[in-house]
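Here is how the chains run, residue by residue.
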Amino acid sequence: MDFEVFENFFEGVLVIDQKLRVVYANPSAKEILGDKLKIGEGCRGLFSICESCPAKFVKEEGEGVQVYDVETASGRHVCWSMSFVKNAYFVETFRDVSNVVHCIVEAERQRAHKEAILNSIVEAILVVDKEGYVLEHNRIAHRMLCRQEEESLVGKNIKELIELSLEELPPEGERADVYVETPCGKQKASVLVSPMSSGFGYVVSLHPIQEVLSCTIGEENAIVFKSKAMQKVLELAQSVAEYDTNVLIEGETGTGKNLLAKYIHYLSPRRDKPFVKINCSAIPEGLLEAELFGYVKGAFTGAIKDKPGKVEMAEGGTLLLDEIGDMPLSLQAKILHLVQDKEFERLGDTKFRKANVRIIASTNKNLWELVQRGKFREDLYYRLSVIKITIPPLRDRREDIPILVEHFLQKFSKKYNRRIKGISPEAMKMLLSYPFYGNIRELENIIERAVITAKGSMIKVENLQLDHQGKEEEEKERIKRVLEQVGGNKSLAAKVLGIHRTTLWRKIREYGLENLV
Ligand SMILES: Nc1ncnc2c1ncn2[C@@H]1O[C@H](COP(=O)(O)OP(=O)(O)OP(=O)(O)O)[C@@H](O)[C@H]1O
């Protein structure tokens, strides 16, 4: 066999006889294998593949073998092949691929580093191209967004995953809160988008936000909160719920007094019996007694048959006397009798009836002040306020605003079948600085309007209809009234208003009320 033909080959060529001795090596082979190569000696050990010498297989099967990465005795990497020719020789050819292998190893090392870093981040990371298609992601993203272990996010569009397209995400460097559908239900997450310096796409990070605290008696009546102040309120409510004591709930309008009363009822042993509410301020004085205690036929013109009142409707359950501060003095004695002796009389009747009801009263007025002014019976006040729970106004627990916003966003998105995903940072900032004299009810109305009027899937500043002018007037009047009541004593006025002294002083100057102090 003429081996000269191999002399100028770029690849290394070794010719091995059947006793596995090297009979020829071309210059490339000599260069690659160095002094480990000895012509006339055995070839064993020249390559890492010699450990499982393929010669026997190649000869018997008559098939060549190729291995892409074989190490030489001197540590170089070659792409190696062996064939059996002319029933006499094994020919090994090999090409140095050390550089390629090095690049692959380096790329693999970098990939492993990147993967370790990505997986050590507590946020879900999605690397997307300019159109929003996922190129890479970390383990948290998989856990957060995939229902099945084998499911892959690569190739999916961000819109499909978080229902927000790239254009709808917050601008670079700004976070926004969104809701993401996860295998465990909706998860709130703070989203941040950073463009890649190569201009190749974006890194979208989703930081899961801890579940909102909520006490719920059904979806409709969820009480959501985050503040310590509300936590205390709820804890107190929970601890008194099981006892049959009367409870007085105080708080400004719209702070959630009705909701809390329902919560207490549903936590109490009376939960399977009725919860009945009567609004003492909404019913004309003449009708209130009949509404509360019922009447018998002929009690007044139009009383054509006996009719039970709210007290009887609440039998076995809870009766909420809403806006108790507006209860006329004339009726207060009868309420006292009900509260004290659990007895009442239907209008026009001659006999007392027994009532098995738990009484919760609520008021947005300062009941004690009404007692002092002779508008509310002191004995009734003490009877009702065995346990007094005061719900703080929303402006004193602003940390509840974001979760309430989200709660209402979800509620109204569902109600109006709109796909509202979140609120822009500017809009949230505006809500956080708004005084909310109408408290949660006002916030609820603002969000309801915003959900209806929002053009895209995010609530923006222009969707918020805030009544700043009206609020300022209202605040000025309130401060003026309180200052007059306390004879200009700033400390006392700040206490009554529930604001800090320095805030009060600033507002006095703002509204030009200096003459009152
Ligand atoms: N913590 C809360 N979480 C969720 N929704 C709330 C919360 N507090 C109040 N709301 C909602 O705000 C609205 C007003 O609440 P509610 O009627 O209980 O207030 P209120 O203090 O009784 O008002 P008013 O003094 O006018 O009778 C309701 O729609 C209620 O569901």
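Scoring rules and cut-offs
- Residues numbered from 1 in each chain as written.
- Predicted model: local features only at pLDDT ≥ 70, side-chain atom pairs only at ≥ 80, totals over all residues.
- Heavy atoms only, no water.
- 1 Å grid on protein atoms, 1.4 Å probe; cavity = no way out; pocket = protein on both sides within 12 Å on 5 of 7 lines; lining within 4 Å.
- Points joined across faces, edges and corners; volume = space filled by probe spheres on them.
- Nonpolar A, V, L, I, M, F, W, Y, C, P; charged D, E, K, R; others polar.
- UniProt positions renumbered as here; feature names shortened; annotations may be inferred.
- Helix = DSSP H or I, 4+ residues; strand = E, 2+ residues; numbered from the N terminus.
- Contact = heavy atoms within 4.5 Å.
- Domains from an automatic or database assignment.
- Phe/Tyr/Trp six-rings, centres within 6.5 Å; stacked < 30°, edge-to-face > 60°.
- Buried < 20%, exposed > 50% of the residue type's maximum accessible area, 1.4 Å probe, protein only.
- Lys NZ or Arg CZ within 6 Å of the ring centre and 35° of its normal.
- Near = heavy atom within 4 Å.
- Polar contact = N/O pair within 3.5 Å; in protein donor to acceptor, adjacent residues only side chain to side chain.
- Areas by Shrake-Rupley, 256 points an atom, 1.4 Å probe, with all protein chains shown as cover.

*Asks:* I'd like to hear about empty space enclosed by the protein, residue by residue, with values.
*Replies:* For the coordinates displayed, the defined rule picks out one cavity of 30 Å³ or more. There is about 80 Å³ of room inside the largest cavity. As for the largest cavity, its lining consists of Leu20, Cys43, Arg44, Ile49, Cys50, Cys53, Pro54, Ala55, Trp80, Met82 and Glu92. Partitioned by chemical class, the residues of the lining of the largest cavity number nine nonpolar, no polar and two charged.

*Asks:* Give me the lowdown on the UniProt feature "domain: PAS" (unreviewed entry) in the protein, citing residues and values where you can.
*Replies:* Using the residue numbers shown here, the UniProt feature "domain: PAS" (unreviewed entry) corresponds to residues 4–34. With 23% helix and 29% strand, residues 4–34 has end C-alpha atoms that lie 20 Å from one another.

*Asks:* Hey, could you go over the side chain of Glu444 for me, with residue numbers and the actual values?
*Replies:* Locating Glu444 in the fold gives a position in helix 15 (residues 439–453). Excluding residues that lie within four positions of it along the chain, Glu444 makes contacts with Phe408, Lys411 and Phe412.

*Asks:* Quick one: what's the story with the layout of surface pockets, residue by residue and with numbers?
*Replies:* Estimates place the volume of the second largest pocket at around 980 Å³. In this structure, the second largest pocket is lined by 30 residues; those nearest its centre are Glu252, Asn364, Lys365, Asn366 and Arg478. At the level of secondary structure, the elements contributing two or more residues to the lining of the second largest pocket comprise helix 11 (367–372), helix 16 (468–485) and helix 17 (490–497). By residue number, the principal contributor to the lining of the second largest pocket is helix 16, which donates five residues. Taken together, the residues of the lining of the second largest pocket break down into eight nonpolar, nine polar and 13 charged.

*Asks:* Tell me about the domain arrangement of the protein, residues and numbers included.
*Replies:* Annotation of the protein at the domain level lists domain 1 (3–100), domain 2 (121–208), domain 3 (215–390), domain 4 (394–466) and domain 5 (470–516). Its C-alpha centre places domain 2 at a distance of 50 Å from the equivalent point of domain 3.

*Asks:* Break down the packing of aromatic side chains for me, with residues and values.
*Replies:* Going through the model one piece at a time under the given rule, you end up with 15 aromatic pairs. Summarising the aromatic geometry, the rings of Phe293 and Phe344 are spaced 6.1 Å apart at their centres and angled 20° between planes, so their arrangement reads as stacked. Separated by 51 residues along the polypeptide, Phe293 in helix 8 (residues 285–293) and Phe344 in strand 18 (residues 343–345) bring together distant segments of the chain. Comparing Phe293 with Phe344, the two get one shared label, buried. Each ring, one from Trp368 and one from Tyr381, has its centre 5.3 Å from the other, and the planes form 45°; the classification is tilted. Highlighted residues: Trp368 in helix 11 and Tyr381 in helix 12 (residues 378–384), separated in sequence by 13 residues. Aromatic rings pair up to connect Phe3, Phe6, Phe9, Tyr24 and Tyr89 into one cluster. In this structure, Lys490 is placed above the aromatic ring of Trp505, and the distance from its NZ or CZ to the ring centre is 4.7 Å.

*Asks:* Outline the site of the ligand, listing residues and values.
*Replies:* Near the ligand there are 20 residues, and of these Thr253, Lys257, Asn258, Arg441 and Glu444 occur at the shortest range. Between the ligand and Leu259, the relevant distance is 3.1 Å, taken from an oxygen atom to a main-chain nitrogen or oxygen of the residue. Residue Arg441 places a side-chain N or O atom 2.9 Å away from an oxygen atom belonging to the ligand. Relative to its unbound accessible area of 630 Å², the ligand is 87% covered by the protein chains. Every element with two or more residues in the shell around the ligand is listed here: strand 12 (223–225), helix 7 (257–267), helix 13 (401–415) and helix 15. The residue makeup of the shell around the ligand, split by class, is seven nonpolar, seven polar and six charged.

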